[in-house]
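Breakdown of the fold
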Amino acid sequence: MARPSPNPSRSPLAALLGTTSTGWVGALSAASLAVTVAWTVRYRGGFGAADKPRFNWHPVLMVAALVVCAPNAALSVRRWGWRRTASKPAHAYANLAAVATAGAGLYPVFAFHAERDIPDLYSLHSWIGLATLCLMAAQWLLGYAAFYSSGASPALRTAFVPAHASFGVLLLVGVAAAVATGFTEKLGFEGVCSPVVTADCRVGNAAAVLALATVACAVWGLTHRTTASASSAATAALDSALDSAPPASGSPDESSALLPPRLGGGAFAVDPAPAAASSGSSGGAADAA
Ligand code: HEM
Ligand code: HEM
């Protein structure tokens, strides 16, 4: 059987360009937040406690939460090369930070609407944005209940992994739609793109394109399989084994003996053939036994 690639996140495209999809997501998300902040400060009047400067917290907090935090958190669970004991809490708490920051980012826009007597939730952007956030909060609660609290049975975890991973990717699509409609709407309201295309318009569009490129790279990294797939059964069995393991008598790294090999897979992973699992060479539930 072919040996798995040592770095499953290194797609042919990434290899061509010299880095991994996780590297691209890190760099693009940082650039997108930097350009959004620069755009806000240079063209939108900066930050403040009332009126438009208060509104301005909204795009910046949303980009920080959903373009920086969420995609990197999604990739962290398998593709950062961390041990399971570190990657699982990192994934859970980075996602919590994303949901909490995005929740906080709603306050400035609702307050701005109240201040100006503008109705709430009148736009496609607001519907997409709110729906994405509510579903993300639900995903967090269900993810926590299934994988973090020790209440869920191994069978339930096994059944839940593919749905959780695929839904995580779907949420990123919602983020992309919210970001695209948000920037479009704001630039339209300010009238900076038409009839004259201003620098404000170009920089705002650049921030949006960087955000969309971040999400696109994350979706690519999560869905693109470079080698044989990973087993969701292995994940569930591993989680159960870690949860039911006696209190650590040695270093936390002892639990790494339970780790399945990193084989890529991800959101659309297909379980390996039973023969492969039992051969012990490509992961599977046998790893956690
Ligand atoms: C990506 C995550 C985002 C989410 C989840 C989101 C969510 C929302 C929600 C729920 C509202 C409705 C508030 C209300 O009805 O009072 C809203 C309003 C608004 N957002 Fe966002 N937003 C996001 C990003 C952005 C970005 C990047 C911009 C760009 C500047 C933006 C611009 C606006 C504007 C102009 C409004 C007021 C008009 C309206 O209600 O549609 N948003 N957003
Ligand atoms: C907003 C919340 C969340 C989102 C958007 C999310 C998203 C994702 C995504 C996209 C994946 C697939 C990763 C990959 O294929 O490399 C994944 C996997 C996973 N998530 Fe979450 N997640 C969330 C919350 C949680 C929470 C709270 C936990 C609790 C520990 C959790 C545990 C896991 C585990 C164990 C996997 C690995 C599944 C596997 O091995 O294939 N997630 N998550």
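For clarity, every value in this text was computed on a predicted model and none was experimentally measured. (Residues numbered from 1 in each chain as written. Chains lettered and ligands numbered in written order. Predicted model: local features only at pLDDT ≥ 70, side-chain atom pairs only at ≥ 80, totals over all residues.)

As for the overall build of the protein chain
Threshold: What counts as a helix is a DSSP run of H or I of at least four residues, what counts as a strand is a run of E of at least two, and both are numbered from the N terminus. Between the buried cut of 20 or more and the exposed cut of 12 or fewer other C-beta atoms within 10 Å of a residue's own C-beta lies the partly exposed class, and all C-beta atoms are placed from the backbone. Placing a C-beta atom from the backbone of each residue, one calls two residues in contact when those atoms lie within 7 Å.
Looking only at helices and strands, the protein chain has 10 helices and zero strands in total. Overall, the protein chain shows an N-to-C arrangement of helices and strands of α-α-α-α-α-α-α-α-α-α. Evaluated residue by residue, the protein chain yields a buried proportion of 40% over its 289 residues. Expressed as a percentage of contacts within the protein chain between residues at least 6 apart in sequence, the contacts between residues at least 24 apart total 75%.

Quick notes on the site of ligand 1
Note the following rule: Nearness is defined per residue: the C-beta atom, placed using the backbone, must lie within 6 Å of the molecule or strand. Ten residue types, Ala, Val, Leu, Ile, Met, Phe, Trp, Tyr, Cys and Pro, are classed as nonpolar, four, Asp, Glu, Lys and Arg, as charged, and the remainder, Gly among them, as polar.
Residues in close proximity to ligand 1 total 26 residues, the closest being Asp120, Ser123, Ser126, Gly129 and Gly182. Counting only elements with at least two residues in the shell around ligand 1, the list comes to helix 4 (57-79), helix 5 (84-116), helix 6 (124-148) and helix 7 (154-190). A total of seven residues in the shell around ligand 1 trace back to one element, the largest contributor, which is helix 7. Residue composition of the shell around ligand 1, by class: 15 nonpolar, eight polar and three charged.

Thoughts on the nonpolar core
Rules: By definition, a nonpolar core groups buried Ala, Val, Leu, Ile, Met, Phe, Trp, Tyr and Cys residues that are joined through C-beta atoms within 7 Å.
Residues Val63, Ala65, Leu66, Val67, Val175 and Ala218 are the most contacted members of the largest nonpolar core, which totals 44 residues. Mapped onto this core, the elements with two or more residues apiece are helix 2 (21-43), helix 4, helix 5, helix 6, helix 7 and helix 8 (199-223). Here the element with the most residues in this core is helix 4; it accounts for 15 residues. Ignoring any residue separated from it by four or fewer positions in sequence, one finds Val67 in contact with Ser29, Ser32, Leu33, Val175, Val179, Ala211, Thr214 and Val215.

Describing the packing of helix 2 against helix 8
Formally: To define axes, lines are fitted to C-alpha atoms, for helices over the stretch in contact only, and angles between the resulting N-to-C directions are given on a 0 to 180 degree scale. With respect to orientation, any angle under 35 degrees is reported as roughly parallel, any angle over 145 as roughly antiparallel, any angle of 65 to 115 as roughly perpendicular, and every other angle as oblique. Left-handed is the label given to a crossing in which the near helix is rotated counterclockwise from the far helix by less than a right angle, and right-handed is the label when the rotation is clockwise.
Taken N-terminus to C-terminus, the directions of helix 2 and helix 8 make an angle of 160 degrees; their axes are 8 Å apart at the nearest point. Relative to helix 8, helix 2 is oriented roughly antiparallel. Along this stretch, helix 2 crosses helix 8, giving a crossing that reads as left-handed. Its residues assigned to classes, the contact of helix 2 with helix 8 shows 16 nonpolar, eight polar and one charged.

Describing helix 5
Put simply, the rule is: Each helix should span, by expectation, one fewer than its residue count multiplied by 1.5 Å.
Its 33 residues place the ends of helix 5 49 Å apart at the C-alpha level, agreeing with the 48 Å of an ideal helix rising 1.5 Å per residue. Among the residues of helix 5, His91, Asn95, Ala98, Val99, Ala102, Gly105, Pro108 and Val109 are the ones counted as buried. Against helix 3 (51-55), helix 4 and helix 6 lie the buried residues of helix 5. Among the residues trailing helix 5, Asp117 stands out with phi positive, at a value near 60 degrees.

Points about the environment of Asp51
The topology assignment puts Asp51 in helix 3. For the pair Asp51 and His113, spaced 62 residues apart in sequence, the C-alpha to C-alpha distance is 9.1 Å.

Topic: the packing of helix 2 against helix 4
Axis separation between helix 2 and helix 4 bottoms out at 9 Å; the angle between their running directions is 175 degrees. As the angle between them shows, helix 2 and helix 4 are arranged roughly antiparallel. When helix 2 is examined against helix 4, the residues Thr22, Val25, Gly26, Ser29, Ser32, Leu33, Thr36, Val37 and Thr40 are found in contact with a partner set consisting of Pro59, Val60, Val63, Ala64, Val67, Val68, Pro71, Asn72, Leu75 and Arg79.

A short note on the environment of Tyr43
Residue position: Tyr43 is located in helix 2. Residue Tyr43 is classed as partly exposed on the basis of its C-beta count, with 17 C-beta atoms lying within 10 Å.

What about the confidence of the model for the protein chain?
What counts, and what does not: Each residue carries a pLDDT score, the predictor's confidence in it, ranging from 0 to 100.
On average, residues of the protein chain carry a pLDDT of 80, and 71% of them reach 70 or more. Long-range and interchain partners of residues 245-289, a stretch whose pLDDT sits below 50, account for 100 contacts in this model, where long-range means more than four residues apart.

With respect to the environment of Ala34
Its location among the elements puts Ala34 in helix 2. Residue class for Ala34 comes out partly exposed when judged on the 13 C-beta atoms lying within 10 Å of it. Distance in space between the C-alpha atoms of Ala34 and Ala207 is 8.3 Å, their sequence separation being 173 residues.

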